[in-house]
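Chains, contacts and geometry: an overview
If you want the building blocks of each chain, they are given just below.
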Amino acid sequence: MIKKLLISTAVIVATTQMAAAADLSSMSWDDVVTQAKEEGELTWYVWYLTDDLRRAAKTFEEEYGITVTIPEGTMEGNLEKLYADKARKTGDIDVFALGWDSYTSVDLSAMFMPLTALPKDDNRVSDLAGIDAGEYAFAFWGNQTGIAYDPTHITGDDLPQTPKEFAAFWQSHPEKFGFNYQNGGSGPSYYQNILRVVSGADFSDPSDSKEHLAALQPGIDFFNAHAENYVITASNADSITRISDGELWMAPAWEDHLAGLQNRGEVRKDIKFYIPEMGMNGGGNGVSIPLNAPHSAAAAVFINWLISPETQTVFNKEFGTAPMNAAADDSFALIPNAMRKYSTVSPNKPFRSAMEAKFTEEVVQQR
Amino acid sequence: MTARQWITVTLLLMPGLGLIVWLIGTVVYIAFAQSFGLYNINGESALTTAYWADLLGNNIYLRSVRYSTYIGVMSAIFSVVLAYPLAIWLRKPFTGSMTIGSILKAPLLVHGLVAAFLFVNVISYHGILNQFMQWIGIWDGPHRLQNDNNAIAVLILQTWKNMPFALLLLTGALQGISDDVLDAARDLGAGSWARFRKIIAPLTVSGMQAAIVIIFIGAVSDFAFQVIAGPINRQSLAQLMVGYKGRGDWNSAAVVGATMIIVALFGSAILAGLSKIVMRGRLK
């Protein structure tokens, strides 16, 4: 009896969800917008810059009369909420933001509805940093790690591009270069790419086997040989603050993080940014609609607005993000488009986690 | 007692004690169970000692245990040592003693995160301390004081935050000592040190033990001070646990969490015993 009840409930839930998804896809875009306005509200789960994003969403609210609510939460916490809501007929999440590299660890078709109801636009991005989210997610936030530097001490021609040139900089300017190994991904992106180039290890292989990790040893030795000449900072923000303060001349940073701090007047506006030729990790964040979203039409209209060329241009100007719509204007970015060819893909877990643990133990804790 | 009386007592205790035991018990049980592979959030649950074996052979974990124990012990000692003379001074009320006591207890009202950020600002490369030292001519240039390898910044913050708590407990214990007892000792020729050693210390040992144990437990599990002002080449147990959790390795995080419980439990028992021996000259 209980088994029958459970099966019946599961079937009802599944068919209702599929019906909701199918309903949206079969509607014309005008009908979706009409339904969205009737729904009148949506909840966007996004874990960062929530105050700024609430402000940015005001434009959408004014244009469509749909209220956007952004609750506070971490990415991990939001993911746990998404999974916890999965079995409910109607969940609490309408639009779900996720770090792009996390799409590899989520069963997209089981969690999200296809975004086929949106008007066609070939300029959008659903394949980023080697990960194709298909029709289930679109990138709305492009971010890139690189090196922030103080132009009063170092000029464009002298910027280090390779591990060898970085080592030369460390030696000629001791304790003027810093990077974080935790509390943010810019420092890890830096040391991972140095390890990749110096060791020649295969970063496309996600294996955390002993042999694969042992291949990193030349890179580990490289850092230990120069340990006295560079500084390890506490976080992404600490690195930038210490450049702004004049203590450091160079440090890894996120492009959007630096631009945001500069726009808000929290760090010096003259700090510059570049991607070294050896490469540093780039990526982004995407948005999807959960299968049991309570306001799926409003969510679709919101995503369409979020990834439009106009909004992406505003994001580029306000937040310093790399636009995730090819028709957007990226002239406000900290770096020229040509430099983005040095963007590399972050290595996958479990190799990345094992490499981070190895670096912490064999470099950071040996200082 | 009869069975009926036992039931009555149990029912009377249930709302208070039962809730505490249930809340703490479930959390501790799940932490230990996860450390042995049960209650897995990701994947199948299976009883295993592999997570403990992995971490016991891991240098990062062992250094974290040593580091957190060091922070816990030193913070407790510094806080109590600084609080004693202040508590003795404030034992008998005098004009302004209430104001001084309130100012000394002010750190209890300031959140640790706020204190840590303010402190980092003070000691930063171009912060007030560096500028002052250069202005008076002691230092030629700015010194890098942030995230020092010996965790002096963390110990300063822990002592600043916890000393008022020790002061609160010790002042209460000291005010419980009758003037007659101290006057009698003075009449018998006991000097300041002898009065402290033979009267004040033994009579305030319970308050001191409570302070030392509570401060130790809090400092062993510190996260906020460590992340902001702590050394880069060491990780506290709480920091390590959050790191594992962030990587989705809940079982290793549970091992570190269980370790924190064990260190807090045994460490506080050892500290309480040692402090009694030091203050009374004997264990009982």
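Because the structure is predicted, anything quoted here is derived from the model rather than measured. (Residues numbered from 1 in each chain as written. Chains lettered and ligands numbered in written order. Predicted model: local features only at pLDDT ≥ 70, side-chain atom pairs only at ≥ 80, totals over all residues. Heavy atoms only, no water.)

Attention now goes to the environment of G218 of chain B. Residue and element names in this part refer to chain B. Mapping G218 onto the fold places it in helix α10 (residues 205–220). Taking the relative accessible area as the measure of exposure, G218 reaches 40% and is therefore partly exposed. For G218 and L90, which are 128 residues apart along the polypeptide, the C-alpha to C-alpha distance reads 26 Å. (Helix = DSSP H or I, 4+ residues; strand = E, 2+ residues; numbered from the N terminus. Buried < 20%, exposed > 50% of the residue type's maximum accessible area, 1.4 Å probe, protein only.)

Residue and element names in this part refer to chain A. When the domains of chain A are assigned, the result is domain 1 (2–142 + 284–319) and domain 2 (143–282 + 336–366). For domain 1 and domain 2, the distance between their C-alpha centres works out to 33 Å. Of the residues lining the interface, 12 residues belong to domain 1; the matching set on domain 2 comes to 10 residues. Where domain 1 abuts domain 2, roughly 790 Å² becomes buried across the two surfaces, and 35% of that area is made up of carbon and sulfur atoms. A salt bridge links R352 to D101; its shortest N-O distance comes to 3.2 Å. Between domain 1 and domain 2 we count six residue pairs in polar contact (both at pLDDT 80 or more) in total. When contributions to the side of domain 1 that touches domain 2 are tallied by element, the ones reaching two or more residues are β6 (138–149), β11 (280–288) and α13 (309–319). Element by element, the count of residues in the side of domain 1 that touches domain 2 is highest for α13, at three residues. Classifying every residue of the side of domain 1 that touches domain 2 gives four nonpolar, four polar and four charged. (Domains from an automatic or database assignment. Contact = heavy atoms within 4.5 Å. Buried area = accessible area lost by both parts, 1.4 Å probe. Salt bridge = Lys/Arg side-chain N within 4 Å of Asp/Glu carboxyl O. Polar contact = N/O pair within 3.5 Å; in protein donor to acceptor, adjacent residues only side chain to side chain. Nonpolar A, V, L, I, M, F, W, Y, C, P; charged D, E, K, R; others polar.)

Right, let's get into the UniProt feature "transmembrane region" (unreviewed entry) in chain B. All names here are of chain B. Per the UniProt record, "transmembrane region" (unreviewed entry) is annotated on residues 6–32, 67–88, 108–128, 210–232 and 252–274. Between the C-alpha atoms that bound residues 6–32 there is a distance of 31 Å. The span itself is 100% helix and 0% strand. Between the end C-alpha atoms of residues 252–274 there is a gap of 32 Å, over a span that is 100% helix and 0% strand. (UniProt positions renumbered as here; feature names shortened; annotations may be inferred.)

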